[in-house]
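# Summary of structural features
Below, each chain spelled out in residue letters.
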Amino acid sequence: MGASNISSYLDSLHPELLCLYYSQVDLYPNDGAHYCNYTWNGVSCWPLIIENTTASVSCMAELNGLRYDTSKNATRYCAAGGGWQKSNYSQCQLVEASSDKLSVHNAKADHLYIIFIIYWLGYGLSLITLSVSLFLFLFFRKLRCLRNIIHCNLIFTFILADVTWIITNTLVASFNNQVFCRLLIIFSNYFQVANFFWMLIEGIHIYTRTVKAFSSEHARIKWYCALGWGVPCVIMIPWITVKLVFDTNKCWLIANSRYYDLIFLIPVLIVLIVSI
């Protein structure tokens, strides 16, 4: 295949595929310096660049049905250690945007903003009410029994899941620390899995109280904690291992493949079926 044919073929590729192609053929220089690798952020392909420098690429031709001036440039800073900072599209300007397209774009933005507010209100109110409930269970000694200890653990999983969601969505635009970002996603998924297992324990406890005799409450709470906190931890270990090996994203907020999540989603589904 001639040089002109190769060039034509590359130009015909989707920008994301083209970015992936360059990331495979344009390797890091072996000079001991740190580099930011080729990265597709959903809009632009950011090139291989040495740390402490700013990359510049042409603005996108079109986004969400709106056309942009490609003679302008977007920029992105490669920080020390080879970590990309937030992309800067402030210089990208709309061109020939009809009032109809602008109204549709604004309507979509308003719609997403309303959904975002609803999420925040829901998680905020949930966190407040759950915290009050947990406080009441822990403050009044007369409420301390095995049944309420199970309730407290279930409430605690909801609180931890809410907190990790709030932290993640607060810092999502400024994630630069790969380890911190991945830890947030790990804990978020772990608390959600633990939540379903403590729901299962609620059902198991009712069953043992009404149908079958069991040993002392002290022995039961040990088994319940092992099931509610320990089993989800065991389930998350292979998921973390697979993500470390196959998911090259700096942060696992956007999954490369939903199939990886089946590692913990299938046990959750089994728990739901058993609970029913």
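Before any of the text, the structure's been laid out above.
Below is a short write-up of the structure. Bear in mind the structure is a predicted one, so any value in this text is a computation, not a measurement.

### Topic: the overall build of the protein
A tally of regular secondary structure across the protein gives seven helices and nine strands. By residue count, 30% of the 276 residues in the protein fall in the buried class. Taking as baseline every contact in the protein between residues at least 6 positions apart, the subset at least 24 positions apart corresponds to 57%.

### Overview of the pairing of strand β8 (residues 73–79)
Here strand β5 (residues 53–58) runs beside β8; their pairing, made up of six bridges, is antiparallel. What sits directly across from A55, in β8, is R76. Of the strand pairs in this sheet, β8 and strand β9 (residues 83–84) are connected by two bridges, and their pairing is antiparallel. When the bridges of β9 are listed, A79 appears paired with G83. Hairpin connection from β8 to β9: three residues lie between these consecutive antiparallel strands, with G81 at a positive phi of about 95 degrees.

### Examining the nonpolar core
Where a protein is soluble and globular, its nonpolar side chains tend to be buried together. Within the largest apolar cluster, 27 residues are counted, with the highest numbers of intra-cluster contacts made by I150, V193, W198, Y224, M236, W239 and F264. Secondary-structure elements contributing two or more residues to this core are α4 (146–171), α5 (178–210), α6 (217–246) and α7 (262–275). Tallying contributions element by element places α5 first for this core, with eleven residues. Beyond its immediate sequence surroundings of up to four residues, I150 is in contact with W198, I201, E202, H205 and Y224.

### Observations regarding unusual backbone geometry
Positive phi, close to 65 degrees, is recorded for N52, a residue that is not glycine. In this fold, N52 is placed in the loop between β4 (49–50) and β5. For N52, a relative accessible area of 44% puts it in the partly exposed group.

### Focus: the state of the cysteines
Under the defined criterion, the tally for this structure stands at two disulfides. Here C36 pairs with C78 through a disulfide, and the sulfurs are 2.1 Å apart. Disulfide C36-C78: torsion about the S-S bond near 95 degrees, hence right-handed. Of this pair, C36 sits in strand β1 (residues 35–36) while C78 sits in strand β8, placing them 42 residues apart in sequence. Each member of the pair C36 and C78 is classed as buried. At a sulfur-sulfur separation of 2.1 Å, the disulfide partner of C59 is C92. Residues C59 and C92 are joined by a disulfide whose S-S torsion is about -90 degrees; by sign, that bridge is left-handed. One end of the pair, C59, is in the loop between β5 and β6 (62–63); the other, C92, is in the loop between β9 and α3 (99–139), with 33 residues separating them in the sequence.

### Some thoughts on the sheet that holds β9
Whenever strands of a sheet pair, they do so through backbone hydrogen bonds, lying parallel or antiparallel. Strand order in the open sheet formed by three strands is β5-β8-β9, and the pairing between neighbours is antiparallel. Of all strands in the sheet, those bounded by a partner on one side alone are β5 and β9.

### Let's talk about the packing of aromatic side chains
One pass over the structure, following the stated rule, counts 15 aromatic pairs. Both rings, one in Y190 and one in F191, keep their centres 5.6 Å apart while their planes meet at 55 degrees; by these two values the pair is tilted. For the residue pair Y190 and F191, the accessibility class agrees, reading buried in each case. Their ring planes at 80 degrees and their centres at 5.7 Å tell us that W239 and F264 sit as a pair that is edge-to-face. Residue W239 is located in helix α6, and its partner F264 is located in helix α7; the two are separated by 25 residues in the primary sequence. Residues W239 and F264 agree in their burial class; the two are buried. Each member of the aromatic cluster is reached from another via a ring pair, and the members are F156, F187, Y190, F191, W198 and W229.

### Considering the side chain of N153
Position of N153 relative to the elements: it lies in helix α4. Taking the relative accessible area as the measure of exposure, N153 reaches 14% and is therefore buried. Look past the residues within four positions of N153 in its chain and what remains in contact with it is W198 and W229.

### Thoughts on the packing of α4 against α5
The interhelical angle for the contact between α4 and α5, taken along N-to-C directions, is 155 degrees, at an axis separation of 9 Å. The angle between the axes of α4 and α5 places the two elements in the roughly antiparallel class. For the element pair α4 and α5, the recorded crossing hand is left-handed. Across the contact of α4 with α5, the residue classes tally to 17 nonpolar, eight polar and two charged.

### Structural notes on the packing of α5 against α7
Axis separation between α5 and α7 bottoms out at 9 Å; the angle between their running directions is 20 degrees. One finds that α5 runs roughly parallel with respect to α7. Here α5 and α7 pass one another in a crossing that is left-handed. Contacts between α5 and α7 involve N189, V193, F196, F197 and L200 from the former and F264, V268, V271, L272, V274 and S275 from the latter. When its residues are assigned to classes, the contact of α5 with α7 shows nine nonpolar, two polar and no charged.

Cut-offs used in this document
- Residues numbered from 1 in each chain as written.
- Predicted model: local features only at pLDDT ≥ 70, side-chain atom pairs only at ≥ 80, totals over all residues.
- Heavy atoms only, no water.
- Helix = DSSP H or I, 4+ residues; strand = E, 2+ residues; numbered from the N terminus.
- Buried < 20%, exposed > 50% of the residue type's maximum accessible area, 1.4 Å probe, protein only.
- Contact = heavy atoms within 4.5 Å.
- Pairing = 2+ DSSP bridges.
- Core = buried A, V, L, I, M, F, W, Y, C linked by side-chain atoms within 4.5 Å.
- Disulfide = S-S within 2.5 Å.
- Phe/Tyr/Trp six-rings, centres within 6.5 Å; stacked < 30°, edge-to-face > 60°.
- Axes fitted to C-alpha atoms, helices over the stretch in contact; angles between N-to-C directions.
- Parallel < 35°, antiparallel > 145°, perpendicular 65-115°, else oblique.
- Left-handed = near helix turned anticlockwise from the far one by under 90°.
- Nonpolar A, V, L, I, M, F, W, Y, C, P; charged D, E, K, R; others polar.

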